[in-house]
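Here is how the chains run, residue by residue.
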Amino acid sequence: LVSRKKKPEDTVITIKGETIGDGNPHFIMGPCAVESYDQVAQVAEAVKGEGLKLLRGGAFKPRSSPYDFQGLGLEGLKILKQVADEYDLAVISEIVNPADIETAVDYVDVIQIGARNMQNFELLKAAGRVNKPVLLKRGMSATISEFINAAEYIISQGNENIILCERGIRTYEKATRNTLDISSVPILKQETHLPVFVDVTHSTGRRDLLLPTAKAAMAVGADGVMAEVHPDPAVALSDSAQQMDIETFKKFINELR
Ligand code: PEP
Ligand code: MN
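Quick caveat: nothing in here was measured; it's all calculated off a predicted structure.

**Student:** Looking at this structure, how should I read the pairing of strand S3 (residues 26-30)?
**Tutor:** The side chains of a regular strand alternate between both faces of the sheet. In terms of burial, S3 is largely enclosed, as five of its five residues are buried. Here two bridges tie S3 to strand S4 (residues 54-56), and the two strands are oriented parallel to one another. Bridging from a neighbouring strand, Ile28 pairs with Leu54 of S4. Taken together, S3, helix H1 (residues 37-49) and S4 constitute a β-α-β crossover, and its handedness is right-handed.

So this is what it looks like as structure tokens:
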């Protein structure tokens, strides 16, 4: 069902007036994790100030270590919803538990399924049963074919509003946190009718590479870019090395435009 052979025209997903997949670039920006109302509101104000609509923030954080900040959970979703209502933005947040999908629908505009859960088939099916767009990230060790099959799990349950997101894969290279598989973008665009985003933050893990990789994403035909923004990255509770501060974020957006 996700194949372009099945449906030749591009899927366009409308989220609060943003038409993702319409041929114009869209941006999903926001902190790695929701830490407080003030932190999210500061980023929301900047996002709105740049004329953008899509705010991200993690409430359920799938961390490599159980001793790292795990996110604020439902409290984080409530903060996102409050900020979204106040700034008229759409919010996107990761859900990790199939049982939380139905609750999440009341708080977020887009459900994110993260790299570590790309093959959590019960989660994919649960997201496929609700009427809410899903941003599906590529697993860090998943082939393109496995990634497409994960999207098929969602669409097979009835939800065809899926955004694919390349976020880098594991290779032997250590200069970046993951290796951005830039060629996956035109391949996914050819093989599926779904919009394709590139997450430059988690693919590189390096603040200095966010702008050049975002340019590359747009040059190969990505429908949009995701990147992390924090009012004070030095004190961020997660991904402190790669989030942009608000001034850098403004320059980033203007340079891409
Ligand atoms: C995220 O976007 O917050 C995240 C954890 O990314 P990934 O699942 O790609 O590692
Ligand atoms: Mn992050």
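Resuming the write-up.
**Student:** Help me understand helix H4 (residues 121-128) in this model?
**Tutor:** The α-helix winds at 3.6 residues per turn, so residues separated by three or four positions along the chain end up facing the same way. Among the residues making up H4, those that are buried are Leu123, Leu124, Ala126, Ala127 and Gly128. Residues of H4 that are buried in the fold lie against helix H3 (101-104), strand S6 (110-113), strand S7 (134-137) and helix H5 (144-155).

**Student:** Explain the packing of helix H8 (residues 210-219) against helix H9 (residues 246-256) here, please?
**Tutor:** To characterise two packed helices, one gives the angle between the axes of the helices and the distance between these axes. At a minimum axis separation of 10 Å, H8 and H9 run at an interaxial angle of 30°. Classified by the interaxial angle, the pair formed by H8 and H9 is roughly parallel. Viewed along their axes, H8 and H9 form a crossing whose handedness is right-handed. Between H8 and H9, the residues in contact are Leu210, Leu211, Ala214, Lys215 and Met218 and Phe252, Glu255 and Leu256, respectively. In terms of residue class, the contact of H8 with H9 is built from six nonpolar, no polar and two charged.

**Student:** Just to check I follow, could you spell out the environment of Gly23 for this structure?
**Tutor:** Position of Gly23 relative to the elements: it lies in the loop between strand S2 (18-20) and S3. Under the C-beta neighbour-count criterion, Gly23 is labelled exposed, with 9 such atoms within 10 Å. As for Gly23 and Ile182, which are separated by 159 residues in sequence, their C-alpha atoms are 18 Å apart.

Quick notes on the rules
Residues numbered from 1 in each chain as written. Chains lettered and ligands numbered in written order. Predicted model: local features only at pLDDT ≥ 70, side-chain atom pairs only at ≥ 80, totals over all residues. Buried ≥ 20, exposed ≤ 12 C-beta atoms within 10 Å, placed from the backbone. Helix = DSSP H or I, 4+ residues; strand = E, 2+ residues; numbered from the N terminus. Pairing = 2+ DSSP bridges. Right-handed = clockwise from strand over helix to strand, strands pointing away. Contact = placed C-beta atoms within 7 Å. Axes fitted to C-alpha atoms, helices over the stretch in contact; angles between N-to-C directions. Parallel < 35°, antiparallel > 145°, perpendicular 65-115°, else oblique. Left-handed = near helix turned anticlockwise from the far one by under 90°. Nonpolar A, V, L, I, M, F, W, Y, C, P; charged D, E, K, R; others polar.

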